[in-house]
Amino acid sequence: MYDLLSRRKKAVENVQKIQGRSAQDLFLRCGVGCLDSGRACLFRAETRGRRYERKIVYAGSWRNGNKGGETMMKTVAVLVASDSCFNGEREDKSGKAIVEIMKAANYKIESYDVVSDDLTAISAKLNEYVNREINLVLTTGGTGFSPRDNMPEATKAVIDREAPGIAEAIRFSSFAITKKAMLSRAVSGIKDKTLIINLPGSEKAVRESIDVILSPVEHGLDILLGLAHNCGENVK
């Protein structure tokens, strides 16, 4: 019998040995665990009448064959690129909408920042998020044809690998609503263990876009973070 204090179904990244058995094995056998946003957490197990305590680092979901299993609370940063919002001339609505949606989707908001449309300012923030190992970065604004629309260029300067399907899906779904969607220059891509996605600048378009990509992106993050290995898994 394994007595774990937490009752949430979670998985561990670091496998630490407890009397010849891994922490992952203990989780598999009892089917429960504890997770705190990828941070170190105190793990207690009781086996054969003796208590063992170890610190382990959690990384994500432990499905154990259960497709409906609970997943980790991944981290997200929200970046608004807008000269007018940065200068206090206009209230940001799209960035706040992203925060609202992602909180409801069980993401931990690590940062919410408003910067100018300056290329250097945007790139600096994106690099900061990558260095902080934030799982997901959602940007809004700066993807159009204006000379000050620098978000795609700033994103390309940071990422190592593009993930074009995400931006294409957003454009495709938006095109059914307005033909102006073809004017979006938004990109998406990966740097280390961080996925960066450019979203549109309006609150309405942000909500519509996240509705399209949220579930597949969740699965993509699981793969990126080493928590899943099957790209063909059904995603709603």
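Nothing here was measured: the structure is a model prediction, and the numbers come from that model.

Peer 1: What exactly am I supposed to notice about the overall build of the protein chain here?
Peer 2: A count of helical and extended segments in the protein chain gives seven helices and 11 strands. Taking all 236 residues of the protein chain together, the buried fraction comes to 47%. Considering only intrachain contacts with a sequence separation of at least 6, the fraction spanning at least 24 residues in the protein chain is 70%. With an accessible surface of roughly 12300 Å², the protein chain has 50% of that area assigned to carbon and sulfur atoms.

Peer 1: Any chance you could explain a nonpolar patch on the surface here in plain terms?
Peer 2: Taken together, F145, F175, M182 and L183 make up a surface patch of nonpolar side chains, about 440 Å² in accessible area. Looking at where M182 falls in the secondary structure, it is placed in the loop between α6 (164–175) and β10 (188–191). M182 sits in the exposed class, given a relative accessible area of 55%.

Peer 1: Please explain the sheet that holds strand β6 (residues 75–81) as it appears in this structure.
Peer 2: In any sheet, the strands associate via hydrogen bonds between backbone groups, in a parallel or an antiparallel arrangement. Sheet architecture is open: six strands sit in the order β7-β6-β8-β11-β10-β9, paired in mixed fashion. Each of the sheet's edge strands pairs with one partner strand only, and the pair in question is β7 (108–115) and β9 (161–162). One ladder, built from seven bridges, connects β6 with β7; its direction is parallel. Its bridge partner being in β7, L79 is matched across the sheet by D113. Sheet strands touched by helix α4 (residues 119–131): β6, β7, β8 (136–140), β10 and β11 (194–199). Its angle to β6, the strand with the most contacts, is close to 175°. With respect to the sheet, helix α7 (residues 203–224) is in contact with β8, β9, β10 and β11, its orientation differing from that of β11 by roughly 165°.

Peer 1: Mind showing me how you'd approach the side chain of T155 here?
Peer 2: Along the polypeptide, T155 turns up in helix α5 (residues 151–158). When its relative accessible area of 0% is taken as the criterion, T155 is described as buried. Among the polar contacts listed, one links the side chain of T155 to the side chain of N198, at a separation of 3.1 Å. T155 has contacts with L126, V187, I196 and N198, leaving out every residue within four places of it along the chain.

Peer 1: What am I meant to see in the pairing of β10 here?
Peer 2: Two faces, one strand: in a regular strand the side chains alternate between the faces of the sheet. Where β9 meets β10, two bridges bridge the pair, whose relative direction is antiparallel. Residue E162 lies in a different strand from β10, and its bridge partner there is G189. Looking at chain direction, β10 and β11 are connected through four bridges and run antiparallel. By the bridge assignment, S188 is partnered in β11 with I197. Linkage of β10 to β11, two consecutive antiparallel strands, is achieved through a turn of two residues, within which D192 is found at a positive phi near 55°.

Peer 1: Could you clarify how one ought to interpret the nonpolar core in this entry?
Peer 2: Within soluble globular proteins, side chains that are nonpolar generally end up buried alongside one another. Core analysis: the largest hydrophobic core is formed by 22 residues, its most contacted members being M102, L136, L195, I197 and L199. Elements that contribute at least two residues to this core include exactly β6, α3 (94–104), β8, α6, β11 and α7. Look past the residues within four positions of L195 in its chain and what remains in contact with it is N135, L136, V137, I166, G189, I190, V217, L221 and L224. Formed by 15 residues, the second largest nonpolar core is a distinct cluster that contains A81, V130, I134 and V158.

What counts and what doesn't
- Residues numbered from 1 in each chain as written.
- Predicted model: local features only at pLDDT ≥ 70, side-chain atom pairs only at ≥ 80, totals over all residues.
- Heavy atoms only, no water.
- Helix = DSSP H or I, 4+ residues; strand = E, 2+ residues; numbered from the N terminus.
- Buried < 20%, exposed > 50% of the residue type's maximum accessible area, 1.4 Å probe, protein only.
- Contact = heavy atoms within 4.5 Å.
- Areas by Shrake-Rupley, 256 points an atom, 1.4 Å probe, with all protein chains shown as cover.
- Patch = residues over 30% accessible without salt bridge, like charges linked within 9 Å, V, L, I, M, F, W, Y side chains within 5 Å.
- Salt bridge = Lys/Arg side-chain N within 4 Å of Asp/Glu carboxyl O.
- Pairing = 2+ DSSP bridges.
- Axes fitted to C-alpha atoms, helices over the stretch in contact; angles between N-to-C directions.
- Polar contact = N/O pair within 3.5 Å; in protein donor to acceptor, adjacent residues only side chain to side chain.
- Core = buried A, V, L, I, M, F, W, Y, C linked by side-chain atoms within 4.5 Å.

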